[in-house]
Amino acid sequence: MTGTGIASAGRSRRNREFWPAMAFIAPWLIGFAVFTAWPLLYSGYLALTDYDVITAPTFVGLRNFERILEDPKIARSLGNTLYYTVIQVPLHVLVALGLALLLERAGRASGFFRTAFFLPKMTPPVAVGILLLLLFNGQNGMVNGVLGWFGLDGPSWTTDPAWVKPGLVLMSLWTVGSTVVILLAALRNVPVELYDAARVDGASFLRRTTRITLPMISGTLFFVVVVDTIGAFQTFTEAYTAYFGSGNTTYSNDSALFYSIYLFQQAFQYLHMGYASAMAWLLFVVILAITVIQLIGSRRLVYYEGGRS
Amino acid sequence: MTTAVVLSGCATGSGDATTSAAFSAPPSAAGGSLTVMGFGADDEIGSTRLQLATAALNGTTVDLVKGDLDVQAFLSSVAAGDPPEIIYANRDQIGTFASRGAILPLTDCITQQAVDTGQYLPSALAQVTLNGTVYAIPEFNSVQIVMANRSLLDEAGLAMDDVNGSDWQALTAAASKLTKTSAGKLSVIGVDSKLPEFLPLWAKANGADLLSADGRTAQLDDPKVVQALNFAVGVYDTEGGFPAVKAFRDSADFFGEGNQYASGSLGAMPMEQWYVNVLNEVSPEAPMAFDTVRTPAGDTLAYASGSSWAVPKGSSNPGAACTFVKIMTRTDTWMQAAKARADDRAANGLVFTGLLTGNTVADEQIRDTYVTEPTSTVWGTAISAMYEANAHTFGLPANPADAEFKAAWQDAVNRVLNGQQEPADALAQAQREAQAALDTAWATWDEQGG
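No experiment lies behind these values; they were computed from the predicted model shown.

1. Examining the sheet that holds strand 6 (residues 137-142) of chain B
Residue and element names in this part refer to chain B. As summarised here, the arrangement of the 5 strands in space is 2-1-3-13-6, forming an open sheet in which the pairing is mixed. If you trace the sheet from one side to the other, it starts and ends with strand 2 (61-65) and strand 6, each paired once. In this sheet, neighbouring strand axes are inclined to one another by 20° on average, regardless of whether the strands run parallel or antiparallel. As paired elements, strand 1 (residues 33-37) and strand 2 share 5 bridges and run parallel to each other. Residue pairing in the sheet places Met37 in a bridge with Val65 of strand 2.

This is the structure in structure tokens:
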């Protein structure tokens, strides 16, 4: 009977803790319900309507989704976004990892450099968009100026469709600070003993990196890749500012028409809120599908020290 | 999910049909408030008129929500039933706002407060008139005049007739002659044809309108429009291509003492008249020459654009809003504003270059009373060109798909400039996109009995 009594006492304690726990997490739950769950569901309803903000939504069934299939700009904007994501995410991770590896060996100076790397992240994205037009100006920009030092004739980054997205990718690499900090923390959690053992066995830096470092931080790398991919698919501010917003009042470039920008235009320039909602749901499905693929791939590529729960 | 949050917050459309409001003038000392969205009284023109309008609304508190009109904020406020009493918007936004019922027809305002619409510039008034109904009161007018660097023209053996558009072949040749490069980079832009924004101007000069007079039929694939686009793009091609021109253009100190005319890095371009004031302030000694934009037949032509006042649906004080607009755009109000500007310019040793108010009576009186610069001077020729252009303006008619229509033709021009499409193909695509948008929008308008 003693065991039963203990179990009973345990259940009783958990019951007593349930409501206080709910009370403490209620603010988050309320926020989630109000700002995430409800908008998500409501946008699902709006996706089935014709709605312009002023007049009441009119139910139109799946017409908005049919229109998505007919709209050439959907394919264009999705293609641009996919292209950007495929290039930007790997480069972002590589640059961040490289900087983190350097920081790990910087000793006392790492604090300064960590701050220096993080500071660009504090720059407002709108300002980054304006800066892009200045730095990547094909005629007088600093980037082409530097390339000129090496005898290279830089492209028209901001007007040549072939170079617009690469320019945006390069600009985005300036803001890797938060990822560097995350990866640095992961690197510092790798047991030193593993490196010591590897050195005793004569393993080179490259071998230690590929056989110890990367596997040991693969979980963090996976997290970074997933988060960056989701972010890349929703790229908006810098590209919008540079190519559709205040950076250019009438000039635009379809090469920079990312899906989120087109969604924004449909919603707030053309007031096609129903169509924009349908587009948002399509984006959600696309991102979800890619994330699922990444999760499946992670089973083979990601190492968890404690095993999978 | 920002969009979803905004959408859920906005989705409270009332579904009410647009109804007229009481637009009669409020009694003196009636109280109440007037929130004005999109207008800033940051200069003497704005502040003088605001003072007069506020005084006329004795007892009514006038509050300004400054900065350009935030369309999302405005529409959200209308949907929420808490709109500002009056808005200040670009004229090319009025068709869209009207078609969605966000603003009220001003028929009763005009009637009940005896607003003389005959005083407004016809092309400006047409831009705020949808299906025969006036939805906003226009003010200000922007027109284009040709601004050139006299020294560069002389050096190249050219005259204003070569760059004012009266001869397209001559203009293209002039662009080539005026263009200079240094170390393989552009150092002088010969002529900037100002694409994409000035396609309507070049098309009209060639005898084509982008949109039918009733605002229902896109005409973007008209061969004359294609020809105009070919010409305007060709100007850039003779200068090394648009990418180089744009890159160089973007790096110009446009509002400063190092501007392209003072630095001798631009031969000529059509540009809105307000830039004359900029040049007069920062580069009074720049070797300028001015003329109107000409059609190949030699006629003056300008593309009108500007601002307007509209009363949102649900405005709590439409009578005061109507009075406010009436006072703000009245001739004697403009005269006092112009005097303030002229006095300020004189005090600073600058030229008063006139004012295009959108009110033709006011424009004439202001010119006669306060413009004292002799017509023989450089700045005098600019002033003369400005007023002549203002008398020869055209505008695109209002339509319920303003935003989509504009995006269609501008995107088409940009695709050509970016080397992605040929003019004919780009405009054909734009025609399909624009017409589809117009058809949908007008169908909705017609269904609602607009």
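The rest of the description comes next.
2. Some words on the domain arrangement of chain A
For interface size, the figure often reported is the accessible area lost on association. Residue and element names in this part refer to chain A. Along its sequence, chain A is carved into domain 1 (3-46) and domain 2 (63-308). One C-alpha centre belongs to domain 1, the other to domain 2, and the line joining them spans 35 Å. For domain 1, the biggest contributors to the area lost against domain 2 are Leu40, Ser43 and Leu46; these three give 87% of the whole. Counting every contact that joins domain 1 to domain 2 gives 0 salt bridges. Summed over the shared surface of domain 1 and domain 2, the number is 1 residue pair in polar contact (both at pLDDT 80 or more). In terms of residue class, the side of domain 1 that touches domain 2 is built from 2 nonpolar, 2 polar and no charged.

3. Here we look at the side chain of Ser193 of chain B
Residues and elements named next belong to chain B. For Ser193, the location among the structural elements is in the loop between strand 9 (185-191) and helix 9 (199-205). Within polar-contact distance, the side chain of Ser193 engages the backbone oxygen of Ala232 at 2.9 Å. Residues within four places of Ser193 in sequence aside, it is in contact with Phe198, Trp202, Ala232, Val235 and Tyr236.

4. What to know about helix 10 (residues 205-216) of chain A
Side chains of residues three or four places apart in an α-helix project in the same direction, reflecting 3.6 residues per turn. All names here are of chain A. All of the buried residues along helix 10 are Arg208, Thr209, Ile212, Thr213 and Met216. For helix 10, the arc enclosing every buried residue in end-on projection is 125°, short of the 170-degree limit, so these residues lie on one face. Set apart from the buried face of helix 10 by more than 90 degrees, the exposed residues are Leu206 and Arg211. Residues of helix 10 that are buried make contact with helix 3 (72-104), helix 8 (177-187), helix 9 (192-200) and helix 11 (218-233).

5. Side note on the packing of aromatic side chains
For any two aromatic rings, the description comes down to two numbers: the centre-to-centre distance and the angle of the planes. Here the structure, examined in full by the defined rule, presents 35 aromatic pairs over all chains. Centre to centre, the rings of Trp168 of chain B and Phe231 of chain B are 4.2 Å apart; their planes meet at 10°, and the pair counts as stacked. Here Trp168 of chain B is found in helix 8 (residues 168-178), whereas its partner Phe231 of chain B is found in helix 10 (residues 223-237), with 63 residues between them in sequence. Both residues of the pair, Trp168 of chain B and Phe231 of chain B, count as buried. Taking NZ or CZ as reference, Arg67 of chain A lies 3.9 Å from the ring centre of Tyr275 of chain A, over its face. The side chain of Lys165 of chain A reaches across the aromatic face of Tyr83 of chain A, ending 5.0 Å from its centre.

6. Digging into the interface of chain B and chain A
With 47 residues of chain B in contact, the opposing surface of chain A contributes 37 residues. Between chain B and chain A the total buried area reaches about 3700 Å² when both faces are included, carbon and sulfur atoms providing 59% of it. For the pair chain B and chain A, the interface holds 1 salt bridge. The partner of Asp411 of chain B in a salt bridge is Lys73 of chain A, and the shortest N-O contact between them spans 2.9 Å. At the junction of chain B with chain A, the criterion picks out 13 residue pairs in polar contact (both at pLDDT 80 or more). Per-class residue counts for the side of chain B that touches chain A are 21 nonpolar, 16 polar and 10 charged.

7. Observations concerning a positive patch on the surface
All names here are of chain A. Where like charges cluster on the molecular surface, the positive patch consists of Arg11, Arg13, Arg14 and Arg16. Here Arg11 shows up in helix 1 (residues 2-46). Among the residues examined, Arg11 registers a relative accessible area of 45% and is labelled partly exposed.

8. Some words on the confidence of the model for chain B
This prediction gives chain B a mean pLDDT of 91; 94% of its residues lie at or above 70. Note that residues 1-19 of chain B has pLDDT below 50 and, in this model, 40 contacts with residues that lie over four places away or in other chains.

9. Quick word on the state of the cysteines
All names here are of chain B. As enumerated under the stated definition, the model contains 1 disulfide over all chains in all. A disulfide bridge connects Cys109 with Cys322, and the sulfur atoms are separated by 2.1 Å. Between Cys109 and Cys322 the disulfide shows an S-S torsion of about 85°. By sign, it is right-handed. Pair noted here: Cys109 is in helix 5 (residues 107-112) and Cys322 is in helix 13 (residues 318-328), with a separation of 213 residues, a long-range link. Note on Cys109: relative accessible area 3%, which makes it buried.

10. Describing the pattern of salt bridges
All names here are of chain B. In total, this model carries 18 salt bridges over all chains according to the counting rule given. Taking the shortest distance from any N to any O, the salt bridge between Asp250 and Lys246 comes out at 2.7 Å. Within this pair, Asp250 and its partner Lys246 are both found in helix 11 (residues 242-250), separated by 4 residues, close to a single helical turn. On the basis of relative accessibility, which here comes to 35%, the residue Asp250 falls in the partly exposed class. Judged by relative accessible area, which is 2%, Lys246 ranks as buried. Put simply, Arg294 and Asp291 hold a salt bridge, and the shortest N to O gap is 3.1 Å. When sorted by exposure, Arg294 lands in the same class as Asp291, which is buried. Because the salt bridges share partners, they merge into one network encompassing Asp43, Glu44 and Arg341.

11. Structural notes on the UniProt feature "transmembrane region" (unreviewed entry) in chain A
Residues and elements named next belong to chain A. UniProt marks residues 21-41, 82-103, 115-136, 168-191, 212-233 and 278-296 with the feature "transmembrane region" (unreviewed entry), using the numbering shown here. End C-alpha to end C-alpha, residues 21-41 measures 27 Å, and it is 100% helix and 0% strand. Counted over residues 115-136, helix gives 68% and strand 0%. Its end C-alpha atoms are 25 Å apart.

12. Looking at the nonpolar core
If you look at the biggest cluster of nonpolar residues, it comprises 215 residues, and the most contacted ones within it are Phe74, Phe97, Met147, Leu195, Phe324 and Phe405 of chain B. Look past the residues within four positions of Phe74 of chain B in its chain and what remains in contact with it is Met37, Leu69, Pro84, Ile87, Phe97, Ala102, Ile103 and Pro312 of chain B.

13. Looking at the pairing of strand 9 of chain B
Residue and element names in this part refer to chain B. A large share of strand 9 lies buried, amounting to 5 of its 7 residues. Pairing of strand 8 (residues 180-182) with strand 9, which is carried by 3 bridges, proceeds in the antiparallel orientation. Looking across to strand 9, one finds that Lys180 is bridged to Val188. Where strand 8 folds back on strand 9, the antiparallel hairpin that results is connected by 2 residues, among which Ala183 adopts a positive phi of roughly 55°. When strand 9 meets strand 10 (residues 266-272), the two strands line up parallel, connected through 2 bridges. Bridge pairing links Ile189 to Leu266 in strand 10.

Parameters and conventions
Residues numbered from 1 in each chain as written. Chains lettered and ligands numbered in written order. Predicted model: local features only at pLDDT ≥ 70, side-chain atom pairs only at ≥ 80, totals over all residues. Heavy atoms only, no water. Pairing = 2+ DSSP bridges. Helix = DSSP H or I, 4+ residues; strand = E, 2+ residues; numbered from the N terminus. Axes fitted to C-alpha atoms, helices over the stretch in contact; angles between N-to-C directions. Domains from an automatic or database assignment. Buried area = accessible area lost by both parts, 1.4 Å probe. Salt bridge = Lys/Arg side-chain N within 4 Å of Asp/Glu carboxyl O. Polar contact = N/O pair within 3.5 Å; in protein donor to acceptor, adjacent residues only side chain to side chain. Nonpolar A, V, L, I, M, F, W, Y, C, P; charged D, E, K, R; others polar. Contact = heavy atoms within 4.5 Å. Buried < 20%, exposed > 50% of the residue type's maximum accessible area, 1.4 Å probe, protein only. Arc of directions from axis to C-beta. Phe/Tyr/Trp six-rings, centres within 6.5 Å; stacked < 30°, edge-to-face > 60°. Lys NZ or Arg CZ within 6 Å of the ring centre and 35° of its normal. Patch = residues over 30% accessible without salt bridge, like charges linked within 9 Å, V, L, I, M, F, W, Y side chains within 5 Å. Areas by Shrake-Rupley, 256 points an atom, 1.4 Å probe, with all protein chains shown as cover. Lys, Arg positive; Asp, Glu negative; His and termini not counted. Charge placed at Lys NZ, Arg CZ, Asp CG, Glu CD. pLDDT = per-residue confidence, 0-100. Disulfide = S-S within 2.5 Å. UniProt positions renumbered as here; feature names shortened; annotations may be inferred. Core = buried A, V, L, I, M, F, W, Y, C linked by side-chain atoms within 4.5 Å.

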